[in-house]
Amino acid sequence: MSKTSIIRSIFLVLLVAPAFCKAQDFHDTRAKILEQFLAYRLTASPKDKQVKKYLGEMSAEGTWSFVNYESTRRGGWPTTDHLKYLDTMAHAYAHPKSTFYQNQKLKSAILKGLNHWLEAGYKSKNWYPNQITAPRHLLRAFLYLNDQIPKEMSESAWVKMLKWLRPEKRTGSNLVIGAEIEVMKGVFYDLPKVVKKGVGYLWSEVRTTTEEGIQPDWCFHQHGNQQMFGNYGLSYSSRVTEWAYILRGTAYELSEDKLQIHSNFLLNGPAWFLWEDKMDLIAAGRQYKIGDLEKKQQVFTNQFQLMAQVDRERKKDYKTILSKTYCPTGHRAYWRSDCAAHREKDWMASLAMSSIRVIGTELTNMESYLGLHNSDGRLLITQTGQEYHHIAPLWDWNRLPGTTCDQNLETLVPQKKTRTTSPFAGSLDDGQMGISSMHYHRNDLSAKKSWFFTKDEIICLGADISGRTKGEVFTSVEQSNFLGNITSPNGAIKNTSVKGGTWVHHNQIGYHILNEAHVKTASLEDNWKKCFPTYDSIPARGDVFSIYINHGKDPKEASYAYTIYPDVVAKKMDETIAKSRVKIVSNTASVQAVKVGQELLAVFHEAAALEIGENQKIEVDRPCLLMLKKKEILVSDPIHDSESINVNINGKQYSASFPLEDQRGNKTIIKLK
């Protein structure tokens, strides 16, 4: 007997040995898991048209001419398309509604393609395709064919690809995906200990944490303290949701307490960033290529459909979202993550900031190549979903909406992990209105920037804009797709400057700007490689609308103030401004504040006093975000370093403790006497 045969025999003994000691209950459990796995996977329609192409164009060696088997690209490694296609083919083979159901010619092609991959031993320079993407597609194909996979092939896959996987070395989303692969591996090879281990890792990440994963504010962090709703958060929640569905009714099902954590994450996190069949661009992170936002939205929609069956207590919430009745609405402050979302019936806004605590963006796999300013106060207003659709290659990335930036920096390419260098950044909400503020500091330019969100408008204030700069400093009010006429009180405008106090209207959004501002439209042509230099060349062209305020070079204590009115027609702008309940109270280096009716929304950048009306005064003894309402004060610590605060209102003293530990940055409520 040859050495290879001896090794193979030993392998088969070790592989099969556990089967003799498994109890009958695992045999039944395995059958149920496999049944529910197939039931879930086969809810997706078979892709017969693609399968016909793959089958017809496969070479005698089991390869395709349109797969790049020589690629060295780290991000989106295209060589794994080989296994992706085999996964699709195996899905059709197992799908009763497919014209290829149980087709023997297709089965032979699948086995030939799988054998080619195992024999060729393709490896990426990036660990992720080797340990996540490739094993996941391979195991799905194995489970679709199940006992029709030859023993020699399953043995080869174990030795060459699966034996060495170590999910426990990963964190957050990567741990969950690795755990999913471990469960599939255990189910296919009929190994109860492997299934148990995989499920253990899978459910271990269903928790709130200040490490990578679900945060106490229901955001999701990965690669450090960095908002990752639309990439790692999506991968994480997809795996948890799918396996909560597949493992339901078995000994491995998700416990009730963890089910509630998972639902809280979905409903208070990603659900706030889905609009008009797209995921919000800010939530998508560094991945926003053509079709990405639509795909991400669809993945979350699929999760909501599954969770309506898994979490019966919140079935109504999921059904409401799926029916597109604009749930949720109001304001959501992600106080640990330097971001916020505001939603009304006909519009939504998203805001991304950063600080020394929170990473604003990263350059990984050369994705979002020009994203230095992604979280420097980027504010996006969405109504129809077309405002920023495929605008990325046409954007001037020095003028992202909401940001205040030096226009002549040497590079806009972010470092591995990019953030501003100030500790001051925070968000506060009462459920309906919200406040966000940050001390922007990049290179020698600094600015105090605050946003106040109400039901009808967003008030944007900037103060103490100072520093030595390489070029002029612009505050970008808007930069979006040009979607109609631009008007002002004097009629239609195009490329011009408008005086302070003038309003500008475009695409059902009004901008009332207290500074002189510049309005421009441009017909542009560029390429998606501008943002994703290692991906294919794809031309882009379109018309872009923008408004910006020029603070000049080397500004000193410059400021800006403007209000955005979504969902308003041009002829109603004067009336809308006149009827607004909002009044700017202060826009200084010490305090930025507005009154909404009788309620005060304020950012105290330092211990300071503020006159808020005739014979009315409020004073605080440390920096804070504050809402003064009729019967209570809401207050938070944007620096995350204080234990308590004293607030004096017309001589009456109030004291309160700030939340500590994993709740730092969250609000505290002071009842008024």
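To start, this report covers the structure provided alongside it. A quick note: this is a predicted structure, and the numbers were derived from the prediction, not measured.

### Some details on the overall build of the chain
Here comes step 1: Looking only at helices and strands, one finds 14 helices and 34 strands in the chain.
Here comes step 2: Dimensions along the principal axes, computed over C-alpha positions, put the chain at roughly 95 × 55 × 45 Å.
Here comes step 3: The burial tally for the chain puts 60% of its 673 residues in the buried class.
Here comes step 4: Contacts spanning at least 24 positions in sequence make up 67% of the contacts within the chain whose residues lie at least 6 apart.
Here comes step 5: Averaging the locations of the 86 positively and 73 negatively charged side chains of the chain gives two centres separated by 4 Å.

### Describing the sheet that holds strand β26 (residues 591-596)
Here comes step 1: Read across the open sheet, the six strands follow the order β25-β26-β27-β30-β31-β34; overall the sheet is antiparallel. Edge strands, defined here as strands with exactly one partner in the open sheet, are β25 (582-587) and β34 (668-671). Each strand axis lies, on average, 15° off the axis of its neighbour in the sheet, ignoring direction.
Here comes step 2: Two strands pair when backbone bridges link them, and strand β27 (residues 599-604) and strand β30 (residues 624-628) are joined in this way by five bridges, in the antiparallel orientation. Its bridge partner lying in β30, Ala 602 is registered against Leu 626.

### Quick notes on unusual backbone geometry
Excluding glycine, a negative phi dihedral is what most residues carry, and trans is how most peptide bonds are arranged.
Here comes step 1: With a phi angle near 60°, Asp 190 is a residue other than glycine that sits in the positive phi range.
Here comes step 2: For Asp 190, the position within the fold is in the loop between α8 (172-189) and α9 (192-204).
Here comes step 3: Here the phi dihedral of Asp 554 falls at roughly 50°; this positive angle occurs in a residue that is not glycine.
Here comes step 4: Residue class for Asp 554 comes out partly exposed when judged on its relative accessible area of 30%.

### Brief notes about the packing of aromatic side chains
Here comes step 1: For the coordinates displayed, the defined rule picks out 31 aromatic pairs.
Here comes step 2: Aromatic side chains Phe 273 and Tyr 334 sit 5.8 Å apart centroid to centroid with 40° between the ring planes, which places their arrangement in the tilted category. One end of the pair, Phe 273, is in the loop between α11 (256-268) and β3 (274-275); the other, Tyr 334, is in strand β5 (residues 330-334), with 61 residues separating them in the sequence.
Here comes step 3: On the accessibility criterion, Phe 273 (2% relative accessible area) is buried.
Here comes step 4: Taking the centre distance of 4.4 Å and the plane angle of 20° together, the rings of Phe 474 and Tyr 548 count as stacked. Remark: Tyr 548 occurs in strand β23 (residues 539-553) and Phe 474 occurs in strand β16 (residues 472-481); sequence separation between them is 74 residues. Like Tyr 548, Phe 474 is buried.
Here comes step 5: Seen from the ring of Trp 158, Lys 185 lies directly overhead, with NZ or CZ sitting 5.4 Å from the centre.

### Quick word on helix α3 (residues 48-57)
Here comes step 1: Taken as a whole, α3 has its buried residues at Asp 48, Val 51, Tyr 54 and Leu 55. Take α3 and look down its axis: the buried residues cluster within an arc of 120°, on one side only. For α3, the exposed residues lying more than 90 degrees away from the buried face are Lys 49, Lys 52 and Gly 56.
Here comes step 2: Taken together, the buried residues of α3 touch α4 (81-94) and α5 (104-120).

### Observations regarding the packing of α5 against helix α7 (residues 151-162)
Here comes step 1: Packing of α5 against α7 brings their axes to within 10 Å, and their N-to-C directions diverge by 35°. In this structure, α5 meets α7 at a crossing whose hand is left-handed. Seen from α5, the contacting residues are Leu 111, Leu 114, Asn 115, Trp 117, Leu 118 and Glu 119; seen from α7, they are Met 153, Ser 156, Ala 157, Lys 160 and Met 161.
Here comes step 2: Residue composition of the contact of α5 with α7, grouped by class: seven nonpolar, two polar and two charged.

### Concerning the side chain of Ser 427
Here comes step 1: Note that Ser 427 resides in strand β12 (residues 425-429).
Here comes step 2: Polar contacts involving the side chain of Ser 427 include one to the side chain of Ser 436, which spans 2.7 Å.
Here comes step 3: Excluding its chain neighbours within four sequence positions, the residues that come into contact with Ser 427 are Ala 333, Tyr 334, Trp 335, Cys 339, Ala 340, Met 353, Ile 435, Ser 436, Leu 625, Ser 636 and Gly 665.

### Quick look at the sheet that holds strand β21 (residues 509-513)
Here comes step 1: Strand order in the open sheet formed by nine strands is β12-β13-β14-β15-β24-β21-β20-β17-β18, with antiparallel pairing between adjacent strands. Because the sheet does not close on itself, it has two edges, and the strands there are β12 and β18 (491-492).
Here comes step 2: Note that β12 and strand β13 (residues 434-442) share five bridges and pair antiparallel. Residue pairing in the sheet places Asp 429 in a bridge with Gly 434 of β13.

### Examining α8
Here comes step 1: Helix length check: α8 (18 residues) gives 26 Å between terminal C-alpha atoms against 26 Å at 1.5 Å per residue, within 8%.
Here comes step 2: Burial analysis of α8 places 18 of its 18 residues in the buried class, which makes it a mostly covered element.
Here comes step 3: Two residues or fewer after α8 comes Asp 190, characterised by a positive phi angle close to 60°.

### Regarding the environment of Val 67
Here comes step 1: Following the sequence through the fold, Val 67 ends up in the loop between α3 and α4.
Here comes step 2: Separated by 425 residues in sequence, Val 67 and Ala 492 place their C-alpha atoms 51 Å apart.
Here comes step 3: Among residues more than four places away in sequence, those in contact with Val 67 are Pro 78, Thr 79, Asp 81, His 82 and Tyr 85.

### With respect to the pairing of β26
Every regular strand shows the same layout, with side chains that alternate between the two sheet faces.
Here comes step 1: Summarising burial for β26: six of the six residues are buried, a large majority.
Here comes step 2: Bridging between β25 and β26 involves five bridges; their strand directions are antiparallel. Bridging from a neighbouring strand, Ile 584 pairs with Val 594 of β26.
Here comes step 3: Between the antiparallel neighbours β25 and β26 lie three residues.
Here comes step 4: Pairing between β26 and β27: six bridges, direction antiparallel. The partner of Ala 593 across the bridge, within β27, is Ala 602.
Here comes step 5: If you look at the hairpin formed by β26 and β27, you'll find two residues sitting between the two strands, and Gly 597 has a positive phi there, around 65°.

### Notes on the pattern of salt bridges
Here comes step 1: Applying the stated rule across the entire model yields 28 salt bridges.
Here comes step 2: In this structure, Asp 87 engages Arg 140 in a salt bridge whose closest nitrogen and oxygen atoms are separated by 3.7 Å. Remark: Arg 140 occurs in helix α6 (residues 127-145) and Asp 87 occurs in helix α4; sequence separation between them is 53 residues. The exposure classification of Asp 87 matches that of Arg 140, with both residues buried.
Here comes step 3: Each of Glu 180, Arg 239 and Glu 242 takes part in a single network of salt bridges with overlapping partners.

Conventions we followed
- Residues numbered from 1 in each chain as written.
- Predicted model: local features only at pLDDT ≥ 70, side-chain atom pairs only at ≥ 80, totals over all residues.
- Heavy atoms only, no water.
- Helix = DSSP H or I, 4+ residues; strand = E, 2+ residues; numbered from the N terminus.
- Buried < 20%, exposed > 50% of the residue type's maximum accessible area, 1.4 Å probe, protein only.
- Contact = heavy atoms within 4.5 Å.
- Lys, Arg positive; Asp, Glu negative; His and termini not counted.
- Charge placed at Lys NZ, Arg CZ, Asp CG, Glu CD.
- Pairing = 2+ DSSP bridges.
- Axes fitted to C-alpha atoms, helices over the stretch in contact; angles between N-to-C directions.
- Phe/Tyr/Trp six-rings, centres within 6.5 Å; stacked < 30°, edge-to-face > 60°.
- Lys NZ or Arg CZ within 6 Å of the ring centre and 35° of its normal.
- Arc of directions from axis to C-beta.
- Left-handed = near helix turned anticlockwise from the far one by under 90°.
- Nonpolar A, V, L, I, M, F, W, Y, C, P; charged D, E, K, R; others polar.
- Polar contact = N/O pair within 3.5 Å; in protein donor to acceptor, adjacent residues only side chain to side chain.
- Expected span 1.5 Å × (residues − 1).
- Salt bridge = Lys/Arg side-chain N within 4 Å of Asp/Glu carboxyl O.

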